[in-house]
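# Fold and geometry: a report
Next come the chains, spelled out residue by residue.
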Amino acid sequence: MPAPTPAPIPGAAPVRPRRSVLYMPAANARALEKARTLPADALILDLEDAVAPAAKAEARERAVAAAASGAYAPREVAIRVNALATPWGRADLAAAARSGADAVVLPKVEAAQQLREAAAVLEAAGAPPGMALWAMLETPRGLLRAADIAETALPRHPLACLVMGTSDLAKELRAAHTRDRLPLLTGLGLCLLAARANGLAALDGVHLDIGDLAGFEAACLQGRELGFDGKTLIHPSTLAIANRVFGPTEAELAEAGRIIAAHAEAEAAGKGVVLLDGKLVESLHVEQAHRQLALGAAIAALAVASPPAPG
Ligand SMILES: CC(C)(COP(=O)(O)OP(=O)(O)OC[C@H]1O[C@@H](n2cnc3c(N)ncnc32)[C@H](O)[C@@H]1OP(=O)(O)O)[C@@H](O)C(=O)NCCC(=O)NCCSC(=O)C[C@H](O)C(=O)O
Ligand SMILES: [Mg+2]
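Residues numbered from 1 in each chain as written. Chains lettered and ligands numbered in written order. Predicted model: local features only at pLDDT ≥ 70, side-chain atom pairs only at ≥ 80, totals over all residues.

### Section: the overall build of the protein
Operational definition: Helix and strand assignments follow DSSP, with helices taken as H or I runs no shorter than four residues and strands as E runs no shorter than two, numbered in order from the N terminus. Burial is judged by counting other C-beta atoms within 10 Å of a residue's own C-beta: 20 or more means buried, 12 or fewer means exposed, and anything between counts as partly exposed, with every C-beta placed from the backbone. In this description, any two residues whose backbone-derived C-beta atoms lie within 7 Å of each other are considered to be in contact.
Across its full length, the protein holds twelve helices and ten strands. Along the three orthogonal principal directions, the C-alpha set of the protein runs to about 65 × 45 × 40 Å. The buried share among the 311 residues of the protein stands at 44%. Here the contacts in the protein between residues at least 6 apart in sequence split such that 73% fall between residues at least 24 apart.

### Let's talk about the packing of helix 3 (residues 89–97) against helix 4 (residues 112–124)
The criterion, for reference: Only the stretch in contact is used when a helix axis is fitted, and all axes are lines through C-alpha atoms; the angle between N-to-C directions ranges over 0 to 180 degrees. Any angle between 65 and 115 degrees counts as roughly perpendicular, while under 35 counts as roughly parallel, over 145 as roughly antiparallel, and the rest as oblique. Note on convention: the crossing is left-handed when the near helix lies turned anticlockwise from the far helix by less than a right angle, right-handed when the turn is clockwise.
At a minimum axis distance of 8 Å, the contact between helix 3 and helix 4 shows a crossing angle of 50°. Regarding the angle of helix 3 to helix 4, the classification is oblique. As for the relative orientation of helix 3 and helix 4, their crossing is right-handed in sense. Counting all contacts with helix 3, which are made through R90, L93, A94 and A97, the residues of helix 4 involved are A118, V121 and L122.

### With respect to the UniProt feature "domain: HpcH/HpaI aldolase/citrate lyase" (unreviewed entry) in the protein
Applicable threshold: UniProt positions are given in the numbering used here, feature names are shortened, and annotations may be inferred rather than shown by experiment.
As recorded in UniProt, the feature "domain: HpcH/HpaI aldolase/citrate lyase" (unreviewed entry) lies at residues 19–236. Between the end C-alpha atoms of residues 19–236 there is a gap of 13 Å, over a span that is 40% helix and 18% strand.

### Topic: the sheet that holds strand 3 (residues 76–80)
Going by this rule: When DSSP locates at least two bridges between a pair of strands, those strands are taken to pair.
Around the barrel, which closes on itself, the eight strands sit in the order 1-2-3-4-5-6-7-8 with parallel pairing between neighbours. Here the strands of the sheet are splayed against their neighbours by 25° on average, with no regard to which way each runs. The pairing of strand 1 (residues 20–25) with strand 8 (residues 230–233) spans three bridges and is classified as parallel. Note on strand 8: the bridge partner recorded for S20 is K231.

### A word on the pairing of strand 8
Stated precisely, the cut-off is as follows: We call a crossover right-handed when, viewed with the strands running away from us, the connection from the first strand over the helix to the second turns clockwise.
Note: strand 7 (residues 201–204) against strand 8, two bridges, orientation parallel. Within strand 8, the position partnered with L203 by the bridge is G230. Considered for its hand, the β-α-β crossover made up of strand 7, helix 9 (residues 213–226) and strand 8 is right-handed.

### Remarks on the site of ligand 1
For the record, the criterion: Here, nearness is defined through the C-beta atom: a residue counts as near a molecule or strand if that backbone-placed atom lies within 6 Å of it.
Inspection of the region around ligand 1 gives 21 residues, with Y23, A50, G165, S167 and D168 positioned closest. Among the secondary structure elements, those contributing two or more residues to the shell around ligand 1 are strand 1, helix 1 (29–34) and helix 7 (166–173). In terms of residue count, the dominant contributor to the shell around ligand 1 is strand 1 (four residues).

### As for the environment of P307
In this fold, P307 is placed in the segment after helix 12 (283–305). We classify P307 as partly exposed; it has 14 C-beta atoms within 10 Å. P307 sits 235 residues away from Y72 along the chain, and the two C-alpha atoms are 8.8 Å apart. Ignoring anything within four residues of it in the chain, the contact list for P307 reads R36 and T37.

### A few points about the packing of helix 11 (residues 250–268) against helix 12
For clarity, the cut-off: Each residue is assigned to one class: nonpolar for Ala, Val, Leu, Ile, Met, Phe, Trp, Tyr, Cys and Pro, charged for Asp, Glu, Lys and Arg, and polar for all the others, Gly among them.
Contact pair helix 11 / helix 12: the axes reach a minimum separation of 9 Å and the direction vectors enclose 140°. By the angle between their directions, the pair helix 11 and helix 12 is classed as oblique. In the crossing of helix 11 with helix 12, the sense of the turn from one axis to the other is left-handed. The residues of helix 12 that touch helix 11, namely those facing E252, L253, A256, I259, I260 and H263, are H285, V286, A289, H290, Q292, L293 and G296. Class assignment of the residues belonging to the contact of helix 11 with helix 12 gives a composition of seven nonpolar, five polar and one charged.

### Some details on the domain arrangement of the protein
Condition: Where each domain starts and ends follows an automatic or database-derived domain assignment.
By the assigned domains, the protein splits into domain 1 (20–246) and domain 2 (250–305). For domain 1 and domain 2, the distance between their C-alpha centroids amounts to 31 Å.

### Comments concerning the nonpolar core
Convention followed: By convention the nonpolar core is taken to be a set of buried residues drawn from Ala, Val, Leu, Ile, Met, Phe, Trp, Tyr and Cys and joined through C-beta atoms within 7 Å.
Counting residues in hydrophobic clusters, the biggest one holds 83 residues, and the most contacted among them are I79, V104, L133, A135, L162 and C191. When near neighbours in sequence (up to four residues on either side) are disregarded, A135 contacts L106, V109, L115, I149, L159, L162 and V163. Grouped together as the second largest cluster of nonpolar side chains are seven residues, L253, I260, V281 and L293 included.

Below you can see the structure in the form of structure tokens.
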């Protein structure tokens with residue numbers, strides 16, 4: 001049976017695909033150009049750690065011009081600013097405010113007050129209401145305060161996403177980068193709990209070894225199984241794997257359709273639950289199935305609206 005068209009889930013926010021979120025140093029003109037046609041769901045133009053101090057001002061100008069160009073639509077565009085406590089943070093935020101970017105990524109967030117300050121700078125600089133904030137959790141203190149940070153109410157510049165900074169976290173923990181990411185699991189779990197408790201998206205950290213695509217795929221699978229919406233990336237060669245792993249498969253979409261249909265049939269017969277292929281289906285599974293279908297539809301819409309890759 002074909003999967004039914006997803007009905008809007010009452011009260012649910014629209015699903016925004018964020019399977020693949022590609023960082024690029026905003027000082028790198030070639031990367032900014034190339035990103036116009038890369039099949040990432042979202043792009044982060046970085047002003048922070050990928051940009052040397054001497055190149056910060058130029059990178060800021062490039063990031064603003066790139067975001068303002070509209071060349072990346074329909075993909076989501078975010079600018080990662082330097083922290084407010086640095087010499088560049090305030091000017092980065094003021095510039096991002098007028099860039100037309102969808103979101104501003106704040107690195108190394110350790111307290112709700114930092115989000116409120118950033119939102120105030122954005123507002124004072126004339127950012128349009130709705131420009132979102134994404135908070136990076138990448139220090140022990142930030143992760144221990146994840147719940148507080150995630151529930152910060154910011155009416156004009158809402159917090160939309162928590163982003164793991166696993167490189168900084170490993171450094172701060174003095175942990176090793178192991179294939180199973182065991183040393184990072186507590187932090188990843190705290191991030192996810194805080195995000196989900198507050199209806200936020202959650203993005204997994206980057207995989208540094210771009211030559212190890214098998215290890216990258218294993219990390220993506222683990223991230224998806226944990227519950228992350230997608231992965232932050234540093235190289236175009238990883239986009240296809242992230243898109244595949246974090247997107248629903250055809251089989252999963254078909255299964256979602258069957259779950260919805262089986263439960264609807266059971267409800268029509270006055271029952272609240274049903275067995276499908278020997279497995280219990282309740283209303284919570286129907287909700288999950290609707291979300292899968294909505295994600296599948298949003299991914300398909302993004303693909304249709306995206307410019308074709310060259311060659
Ligand atoms: C890692 C890189 C420096 C490698 O760059 P390069 O040597 O140029 O790679 P390639 O020659 O293999 O590139 C092939 C083509 O792809 C383009 N390219 C490469 N990377 C990107 C990118 N990120 N976005 C867009 N396009 C990209 C090259 O220009 C080549 O194009 P072409 O000329 O057509 O052949 C580089 O990949 C890179 O700089 N990556 C991003 C690094 C970054 O942004 N780091 C900061 C974010 S991660 C972080 O901070 C972690 C977090 O905070 C934490 O704590 O965990
Ligand atoms: Mg970092």
